[in-house]
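As a plain string of letters, each chain reads:
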Amino acid sequence: MTDSDDRQTAVVLLSGGMDSATTAYEAKARGYDLYCLHTSYGQKTETKEYDCATQLAEELDAEEFLHIETDHLSDIGASSLTDDEIDVEDADMDAEEIPTSYVPFRNANLLSMAVSYAEANDCDAVFVGAHSEDYAGYPDCRPEFFEAFEAMVDTGTKPETNIDIEVPFVTDSKTDIAQRGRELDVPFEHTWSCYRAEEPACGTCDSCAYRLQAFRNAGMRDPIPYAERPEYAESE
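What counts as what
Every chain is numbered independently, its residues counted from 1 as its sequence is written. In keeping with the model being predicted, local features are shown solely for residues with a pLDDT of at least 70 and side-chain atom pairs are shown and tallied solely at 80 or more, while totals for entire chains, interfaces and linings include all residues. Just so you know, side-chain values use all the structure's heavy atoms and leave hydrogens and water out. UniProt positions are given in the numbering used here, feature names are shortened, and annotations may be inferred rather than shown by experiment. Note on definitions: the grid is 1 Å and covers protein atoms alone; a cavity is a set of points where a 1.4 Å probe fits but cannot get out; a pocket is an open set with protein on both sides within 12 Å along at least five of seven lines; lining residues have an atom within 4 Å of a point. Grid points are joined across faces, edges and corners, and a volume is the space filled by probe spheres set on the points. When residue character is reported, Ala, Val, Leu, Ile, Met, Phe, Trp, Tyr, Cys and Pro are called nonpolar, Asp, Glu, Lys and Arg charged, and the others, Gly included, polar. The helix count covers DSSP runs of H or I at least four residues long, the strand count covers runs of E at least two residues long, and both are numbered beginning at the N terminus. The length a helix should cover is 1.5 Å for every residue beyond the first. The cut-offs for exposure are 20% and 50% of the maximum accessible area for each residue type, with area from a 1.4 Å probe on protein chains only; residues under the lower value are buried, those over the upper are exposed, and the others partly exposed. Contacts were defined at the residue level, with two residues in contact if any of their heavy atoms lie within 4.5 Å. Definition used in this section: a nonpolar core is a set of buried Ala, Val, Leu, Ile, Met, Phe, Trp, Tyr and Cys residues joined via side-chain atoms within 4.5 Å. Two strands are said to pair when DSSP picks up at least two bridges between them. Angular values range over 0 to 180 degrees, each being the angle between N-to-C directions of two axes fitted as lines to C-alpha atoms, with helices fitted over their stretch in contact.

The chain appears in an unreviewed UniProt entry as 7-cyano-7-deazaguanine synthase from Halogeometricum borinquense. Checking UniProt for the chain, the heading Catalytic activity (unreviewed entry) contains the comment "7-carboxy-7-carbaguanine + NH4(+) + 2 ATP = 7-cyano-7-carbaguanine + 2 AMP + 2 diphosphate + 2 H(+)".

Okay, here's the thing in structure tokens:
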């Protein structure tokens, strides 16, 4: 819904990571007023992620910040992010199989809540920060997943509801996101990506590796603290 002053509103899934932060700043740059949704689903770094998300929402001057506990994803398990019996693996940037960090069908769960939140507040869109290097490993980050989900939203909401699923970086790399974040003055010091540790970041899990590589490719120094800061090869 567009207000009489032409302001649009959007729900942003704000995890506290660099991708979701840049996505939120992108939505803001496009003229949306933001409703930020953060979920804790039993991930090992949820306290740090929550702190980052709240700081980002404040700096974005969000209309609202909603925090939802989704412990059922932890109870279901089968992911190294939520199951203490599964170790977070070291980065293998050439691996082709789905990593143990995949949380089964997580994005469908999170998007469903975001759409509920958006419909309740007459929002025009839901923004999510998935990108091309995500869907290489995670099936619920593929462009066709978001296209199918948007079709489901059209079918399952009120006739007058029109909510776009916006994935602005879905065909971009993490390096592209770092570069766009620099253009948007995203405070990357208030973001967190590590799968293992709340501070300092480990520097060796998949998420840390791709983040450090992206900053290196973009000619930037990642401002968060790391226990190790390996020099990952530049991506082609």
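Peer 1: Before we move on, could you go through empty space enclosed by the protein and cite the residues and values that matter?
Peer 2: Under the definition given, this model contains one cavity of 30 Å³ or more. Volume-wise, the largest cavity comes out at about 50 Å³. Split by residue class, the lining of the largest cavity holds three nonpolar, three polar and two charged.

Peer 1: Describe helix 8 (residues 206–217), naming the residues involved and giving the relevant values.
Peer 2: For helix 8, which comprises 12 residues, the first-to-last C-alpha distance of 16 Å matches the rise-based estimate of 16 Å (1.5 Å per residue) to within 8%. Burial analysis of helix 8 places 10 of its 12 residues in the buried class, the great majority of the element. Of all the positions in helix 8, only Asp206, Ser207, Cys208, Ala209, Arg211, Leu212, Gln213, Ala214, Phe215 and Asn217 are classed as buried. Each element contacted by the buried residues of helix 8 is listed here: helix 1 (18–29) and helix 7 (174–183).

Peer 1: So what's going on with the nonpolar core? Residues and values would help.
Peer 2: The biggest cluster of nonpolar side chains holds 45 residues, and the ones touching the most others in it are Val11, Val126, Phe146, Phe149 and Ile165. Breaking this core down by element, the ones donating at least two residues are strand 1 (8–13), strand 2 (32–40), helix 4 (106–120), helix 6 (143–156) and helix 8. Looking at this core, the element that brings in the most residues is helix 4, giving eight residues. Not counting residues within four places of it along the chain, the set of residues in contact with Val11 comprises Tyr35, Leu37, Ala114, Tyr117, Ala118, Cys123, Ala125, Val126 and Phe127. Ranked by size, the runner-up nonpolar core spans 28 residues in total, among them Ala21, Tyr32, Phe169 and Val186.

Peer 1: Pulling in residues and values, what's your account of the sheet that holds strand 1?
Peer 2: Strands sit in the order 3-2-1-4-5 across an open sheet of five strands; the sheet is parallel. Pairing within the sheet leaves two strands with one partner each, and these edge strands are strand 3 (64–69) and strand 5 (164–166). Going across the sheet, the axis of each strand differs from the next one's by a mean of 25°, ignoring polarity. Bridge count for strand 4 (residues 125–127) against strand 5 is three bridges, and the pairing is parallel. Bridging across to strand 5, Ala125 finds its partner in Asp164. Seen against the sheet, helix 4 touches strand 1, strand 2, strand 3, strand 4 and strand 5 and runs at an angle of roughly 140° to strand 2.

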